[in-house]
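Listed below, chain by chain, are the residues.
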Amino acid sequence: MQKLPIDAAFLKTTLLELLHIPSPAGLTDEIVHYTGAKLDAIGVAYELTRRGTIRAVLRRNMPERRRSSPACAIVSHLDTLGAMVREIKPNGRLLLSPIGTWSSRWAEGGRVTLFTEHGRHRGSVLPLLASGHVFNEAVDTQPVSWDQLELRLDEDVESDGDVRALRIQIGDFVAFDANPELLENGYIVSRHLDDKAGVAAVLAAVKAIVDSGVPIPMDCHVVFTLTEEVGSGARAVIQSDVSEVIGIDIGPVAAGQGAKERGVTIPLMDSAGPHDYHLTRRLLKLCDEHGIHTNRDVFRFYHSDAGAAVSAGHDVRTALLCFGADASHGYERTHISVLSDLAQLMTLYIQSGPTLAEDRHHRLDSVDSFSHQLDAGQLAPVETSQPDVTELVRLNEPREPREPE
């Protein structure tokens with residue numbers, strides 16, 4: 001097993017290209033074309049579902065005796081947050097509904113592109129009370145809500161009729177500009193790092209595996225989903241031979257969280273419950289053995305492609321590998337070193353084989369070869385001396401009559 005070098009220039013270029021392609025959930029065809037072309041350039045075969053979820057496969061190349069090995073899956077998502085036109089107001093402004101779960105606080109001030117079925121228009125998302133010169137302190141006291149926002153088009157519109165003349169309709173997609181910055185100190189600031197930074201790291205890892213020609217002991221399905229931000233994600237794309245699913249996604253950095261903008265963050269639990277004991281500890285061990293810094297965390301309000309696979313009924317072990325990023329679902333910030341570490345860990349995992357050899361079987365007929373999480377010492381009873389209850393209450397002893405006072 002080798003710790004492979006990651007092509008930093010490829011990683012950065014791929015991330016910037018991904019960020020410049022609008023892909024709110026539901027408007028993802030173009031990002032699918034881009035990702036497919038990247039896989040073609042790397043030299044990895046893939047297939048698409050009807051809606052465009054991509055499943056590439058890094059084929060095992062070990063001797064025939066290892067052919068009984070199960071497959072694994074590494075899953076990241078191409079879709080981002082966004083919005084949709086839900087109402088055209090009489091004054092020509094547009095009301096929006098969010099695509100994905102995110103606060104209107106982060107939408108305020110966003111520069112956007114509205115995509116119609118015939119073209120596109122630019123605009124800004126503004127609070128209803130947008131001018132301090134008009135509304136004074138009321139600007140600061142209006143509620144935080146999507147109902148308090150409107151899209152101002154950069155067009156000559158003063159009425160709903162003007163808007164309709166532009167062939168703008170209810171249900172048109174609104175994509176928010178990513179506005180990425182890659183700083184000389186390695187920090188990356190942008191909208192939509194969730195999960196385009198993860199996708200860039202996955203593609204960099206795949207390139208490193210292909211370029212190096214290292215042995216691959218089990219088929220690795222590299223999956224790019226399209227609906228993670230709206231909850232379904234990897235529900236329908238995991239194949240029956242897959243025994244392990246690893247989600248690649250953002251790790252929220254905030255007070256009370258273990259995620260950091262350095263090293264790989266490995267959460268042990270999220271909103272779907274604990275991730276697989278054996279797989280997560282194995283990933284932590286790989287990091288320890290190969291000098292990759294890790295952060296352990298528990299995510300309280302978090303769903304992922306890995307959880308979606310389990311909720312769909314797939315009998316798979318799951319884990320999450322995350323790049324720590326500040327201000328998730330807003331102007332997110334991470335560091336290029338985190339993405340490089342994440343890619344390196346993926347290359348080690350792809351080389352390492354199944355977590356448990358028994359997972360090559362869909363079913364076991366006995367617990368004899370089933371795994372253990374606790375050893376005999378951990379299960380030994382704790383000896384706690386118990387008092388003799390009869391001594392405490394003296395059940396059979398006559399009591400002396402009390403003297404009258």
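Residues numbered from 1 in each chain as written. Predicted model: local features only at pLDDT ≥ 70, side-chain atom pairs only at ≥ 80, totals over all residues. Heavy atoms only, no water.

Student: Lay out the nonpolar core with the relevant residues and their values.
Tutor: Soluble globular proteins tend to bury their nonpolar side chains together. Membership of the largest hydrophobic core comes to 70 residues, with the highest contact counts inside it found for Leu58, Phe224, Leu283, Leu321, Phe323, Met346 and Tyr349. Looking at this core, the element that brings in the most residues is helix H7 (residues 193–212), giving twelve residues. Excluding anything up to four places from it in sequence, leucine 321 contacts Ile246, Gly247, Ile248, Asp249, Val264, Thr265, Ile266, Leu283, Leu342, Leu345 and Met346. Judged by nonpolar contacts, the second largest core, of 20 residues, contains Leu94, Leu149, Leu153 and Phe176. (Core = buried A, V, L, I, M, F, W, Y, C linked by side-chain atoms within 4.5 Å. Buried < 20%, exposed > 50% of the residue type's maximum accessible area, 1.4 Å probe, protein only. Helix = DSSP H or I, 4+ residues; strand = E, 2+ residues; numbered from the N terminus. Contact = heavy atoms within 4.5 Å.)

Student: Please give an account of the packing of aromatic side chains that cites residues and values.
Tutor: All chains considered together, the criterion is met by four aromatic pairs. Ring centres of tryptophan 102 and phenylalanine 176 lie 5.0 Å apart, and the angle between their planes is 85 degrees; this geometry places the pair in the edge-to-face category. With a gap of 74 residues between them, tryptophan 102 in the loop between strand S5 (94–99) and helix H3 (104–107) and phenylalanine 176 in strand S9 (residues 173–176) connect regions that are remote in the sequence. Where tryptophan 106 meets tyrosine 331, the ring centres are 6.4 Å apart and the plane angle is 70 degrees; that geometry is what we call edge-to-face. Highlighted residues: tryptophan 106 in helix H3 and tyrosine 331 in the loop between strand S17 (317–326) and strand S18 (332–335), separated in sequence by 225 residues. Among the residues examined, tryptophan 106 registers a relative accessible area of 31% and is labelled partly exposed. (Phe/Tyr/Trp six-rings, centres within 6.5 Å; stacked < 30°, edge-to-face > 60°.)

Student: Summarise the packing of H7 against helix H10 (residues 336–352); cite the residues concerned and give the values.
Tutor: Across the interface, H7 lies against H10 with an axial gap of 8 Å and an inter-helix angle of 50 degrees. As far as their axial angle goes, H10 and H7 are oblique. Pair H7 / H10 crosses with right-handed handedness. Seen from H7, the contacting residues are Ala197, Ala201, Val202, Ala204, Ala205, Ala208 and Ile209; seen from H10, they are Leu339, Leu342, Ala343, Met346, Thr347, Ile350 and Gln351. Partitioning the contact of H7 with H10 into residue classes produces twelve nonpolar, two polar and no charged. (Axes fitted to C-alpha atoms, helices over the stretch in contact; angles between N-to-C directions. Parallel < 35°, antiparallel > 145°, perpendicular 65-115°, else oblique. Left-handed = near helix turned anticlockwise from the far one by under 90°. Nonpolar A, V, L, I, M, F, W, Y, C, P; charged D, E, K, R; others polar.)

Student: Can you lay out the packing of helix H1 (residues 8–19) against H10 for me, pointing to particular residues and giving the numbers?
Tutor: Contact geometry for H1 and H10: axes closest at 11 Å, N-to-C directions at 110 degrees. The angle between the axes of H1 and H10 places the two elements in the roughly perpendicular class. Between H1 and H10, the contacting residues are Leu11, Lys12 and Leu15 on the first element and Ile336, Leu339 and Ser340 on the second.

Student: A description of the environment of leucine 78 should follow, citing residues and the corresponding values.
Tutor: Within the secondary structure, leucine 78 sits in the loop between strand S3 (71–77) and strand S4 (82–88). Judged by its relative accessible area of 0%, leucine 78 is buried. For the pair leucine 78 and threonine 225, spaced 147 residues apart in the sequence, the C-alpha separation amounts to 6.0 Å.

Student: I'd like a description of unusual backbone geometry, backed by residues and values.
Tutor: With an omega dihedral of 5 degrees, the bond running from aspartate 194 to aspartate 195 counts as a cis peptide bond. Structurally, the position occupied by aspartate 195 is in helix H7. A positive phi angle is found at arginine 167, which is not glycine, with a value near 65 degrees. With respect to the helices and strands, the residue arginine 167 is situated in the loop between helix H6 (160–165) and S9. You can call arginine 167 partly exposed: its relative accessible area is 47%. Look at histidine 192: it is not a glycine, yet its phi comes out positive at around 65 degrees. Within the secondary structure, histidine 192 is located in the loop between strand S11 (187–190) and H7. Judged by relative accessible area, histidine 192 falls into the buried class, the value being 11%.

Student: Talk me through the environment of threonine 141; I want residue IDs and the actual numbers.
Tutor: Its place among the elements puts threonine 141 in helix H5 (residues 138–141). Each C-alpha atom of the pair threonine 141 and alanine 357 lies 60 Å from the other, and the pair is 216 residues apart in sequence.

Student: Break down empty space enclosed by the protein for me, citing the residues and quoting the values.
Tutor: Under the defined criterion, the tally for this structure stands at one cavity of 30 Å³ or more. Quantified by volume, the largest cavity comes out at close to 50 Å³. What lines the largest cavity is Leu81, Trp102, Arg191, His192, His329, Gly330 and Glu332. Residues of the lining of the largest cavity, tallied by class, amount to two nonpolar, three polar and two charged. (1 Å grid on protein atoms, 1.4 Å probe; cavity = no way out; pocket = protein on both sides within 12 Å on 5 of 7 lines; lining within 4 Å. Points joined across faces, edges and corners; volume = space filled by probe spheres on them.)

Student: Now, about the state of the cysteines: what can you tell me, with residues and values included?
Tutor: Tallied over the full model, the rule gives zero disulfides. Cysteine cysteine 72 shares no disulfide, and the gap to the nearest cysteine sulfur, in cysteine 220, comes to 3.6 Å. Owing to a relative accessible area of 1%, cysteine 72 belongs among the buried residues under this scheme. Cysteine 287 provides the cysteine sulfur closest to cysteine 322, a residue in no disulfide bond, and the two sulfurs are 12 Å apart. (Disulfide = S-S within 2.5 Å.)

Student: Hey, could you go over the pairing of strand S6 (residues 111–115) for me, with residue numbers and the actual values?
Tutor: One ladder, built from five bridges, connects S6 with strand S7 (residues 120–127); its direction is antiparallel. Bridging across to S7, phenylalanine 115 finds its partner in arginine 120. Connecting S6 to the next strand, S7, in antiparallel fashion are four residues. Here four bridges tie S6 to S9, and the two strands are oriented antiparallel to one another. Note that in S9 the partner of leucine 114 across the bridge is valine 174. (Pairing = 2+ DSSP bridges.)

By themselves these figures say nothing about function.
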